[in-house]
Every structure is written in structure tokens, then in C-alpha cells.
Amino acid sequence: MAEKKLALIATKGSLDWAYPPFILSSTAAALGYEVQIFCTFYGLALLRKKMDLKVTSLGNPGMPMPMPMPVLLQALPGMQSMMTVMMKQKMKSKGVASLEELRELCLEADVKMIACQMTVDLFEFSPSDFIDGIEYGGAATFFEFAGDSDVCLFV
Amino acid sequence: MADFDQELDASGLNCPLPILRAKKTLNGMSSGEVLHIIATDPGAVKDFEAFAKQTGNELQESREEGGKFYFLMKKG
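Residues numbered from 1 in each chain as written. Chains lettered and ligands numbered in written order. Predicted model: local features only at pLDDT ≥ 70, side-chain atom pairs only at ≥ 80, totals over all residues.

1. Quick notes on the sheet that holds strand β2 (residues 34–39) of chain A
Residue and element names in this part refer to chain A.
(1) Moving on: Taken together, 5 strands build an open sheet; the order of strands is β4-β3-β2-β1-β5 and the sheet is parallel. What marks the edges here is a single partner per strand, and that holds for β4 (135–137) and β5 (151–154). Direction aside, neighbouring strands of the sheet carry axes that sit 20° apart on average.
(2) Moving on: As judged from the 6 bridges shared by strand β1 (residues 5–10) and β2, these two strands associate in the parallel manner. The residue of β2 that forms the bridge with K5 is E34.
(3) Moving on: The strands touched by helix α1 (residues 19–30) within the sheet are β1 and β2, with β1 carrying the most contacts at an inclination of about 170°. (Pairing = 2+ DSSP bridges. Helix = DSSP H or I, 4+ residues; strand = E, 2+ residues; numbered from the N terminus. Axes fitted to C-alpha atoms, helices over the stretch in contact; angles between N-to-C directions. Contact = placed C-beta atoms within 7 Å.)

Spelled out as C-alpha cells, the structure:
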């Protein structure tokens, strides 16, 4: 069986949106795919040593809430941290893997992670902010792999 | 009940962990050996079918009993 390729662009840095790239990458790797994730803008948060990602209901009317809550209340200080704690507890109780665990599984499975150099410079990150073993590149680097990919997704 | 060489209890784990754990366990097994997997994630039923189809391993059995799902996966 020839090795298939999955190319992902990860652009989001919230707790909930960090899941799709890591779930798809780890699963694809288990199915025998060669995988690359190109992390740009807020997707760079997926590469930070300590991810510490948050979830917010603001600007996200689709998020199921335990109780109805006016938007202004959702914007109060501490609400984001509280929602993040609640979401993490819920995930744990449902047997959903932590992001740290999924990222580790991706790295073990040789999923290649690329930090977008332009946005690394834009946000003034340093390589020491990121985990070891990642690469740096630009749009052309992405296309070098994505051009030959079987599945290509923008998350 | 059919024979198996190794067992993996993925009870309580959710997508994609049962698949990832199964893959990891299969990596350490020899071709022809059979892995018995126990899971509670209902999504695992379709996922193990799809996994077998794409990886060349053989899903010999898939059954539900008392809210748990049992699979026999023969390494290809």
C-alpha cells in the first residue's frame, strides 16, 4: 500500500479548535498516512511548550451552555477561565484525550509540524517558546508537501 | 469465544484513543496474531471497520454485549 499524505493548515489557538488537527493527524498516522501540520497565526499556539489553551463562548452562539447566560455576563472577568476548567472536566469525564496527550501521540507517530516563519516573526515568538523537533517555513514549504497530498484541510 | 494473543481494554476512552491504542498494540504483535479489544465508545464500531479496511488488518469479530463493544483484530 503506497503511503498516503495528509496536509493540514492549523490556524486556531483555542482549546476546542486545537482538537481537530491533533485528532486527524494522530489518526491518519495510525492509518499509515504521512502527515504534516502547517501552523500559522493562532495555530502556532499548538506548538508552544506549554499549550495552556482556553475556550470561550464569546462570539460562539453555537456553544452548548449548561444554563442560558446573557452575552454580557459571559464577558465578565474570570468567565473564560471558568469555562475552560468546566470544558476540561467534561472532556476528562467523557474519556476525551488531553491536547498534550494527543500532541505527544502525533510526535511519536512522526507527524511533522511546521511553524509559519512569517507569523512567528509577527508575534515575536522565539524558537525556545516551541517544542523541539518542529520546522520553520513559509507558504512554499507548505505546498511542497501539500501539492502531493491526498487529503488537504484548512482548520 | 475465539482465541486471541493479546488484549486491549480501551473502556472509557473516546475517539481517537481506542484506534490509536489498538494501532500501538498491533505494532508490537506478529502477523497473524489476534488482538482482542474492549471499548465503550459507540463510534469505535464504525471506526474499527474503517481502520481494518485501510490498514490491511482483519476485523474478525465485532459485537456488543452489555453496553460494551468487543472486537477481534487479526494483524495483517
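Here the narrative resumes, following the displayed structure.
2. As for the interface of chain B and chain A
(1) Moving on: If you look at the interface, chain B gives 12 residues, while chain A gives 12 residues.
(2) Moving on: Ranked by residues supplied to the side of chain B that touches chain A, first place goes to helix α1 (residues 17–27) of chain B with 4 residues.
(3) Moving on: Partitioning the side of chain B that touches chain A into residue classes produces 6 nonpolar, 5 polar and 1 charged. (Nonpolar A, V, L, I, M, F, W, Y, C, P; charged D, E, K, R; others polar.)

3. A short note on the packing of α1 of chain A against α1 of chain B
(1) Moving on: Interhelical geometry of α1 of chain A versus α1 of chain B gives an angle of 30° and a closest axis separation of 10 Å. Comparing the axis directions of α1 of chain A and α1 of chain B gives the class roughly parallel. Relative to α1 of chain B, the crossing made by α1 of chain A is left-handed. Together, S26, T27 and A30 of chain A of α1 of chain A and I19, L20 and K23 of chain B of α1 of chain B make up the contact between the two elements.
(2) Moving on: Split into classes, the residues belonging to the contact of α1 of chain A with α1 of chain B amount to 3 nonpolar, 2 polar and 1 charged. (Parallel < 35°, antiparallel > 145°, perpendicular 65-115°, else oblique. Left-handed = near helix turned anticlockwise from the far one by under 90°.)

4. Side note on the confidence of the model for chain B
Should the pLDDT be low somewhere, the predicted coordinates at that spot are not to be read in detail.
(1) Moving on: Looking at chain B as a whole, the pLDDT averages 95, with 97% of positions reaching at least 70.
(2) Moving on: Our summary of model confidence lists the complex with pTM equal to 0.92 and ipTM equal to 0.89. (pLDDT = per-residue confidence, 0-100.)

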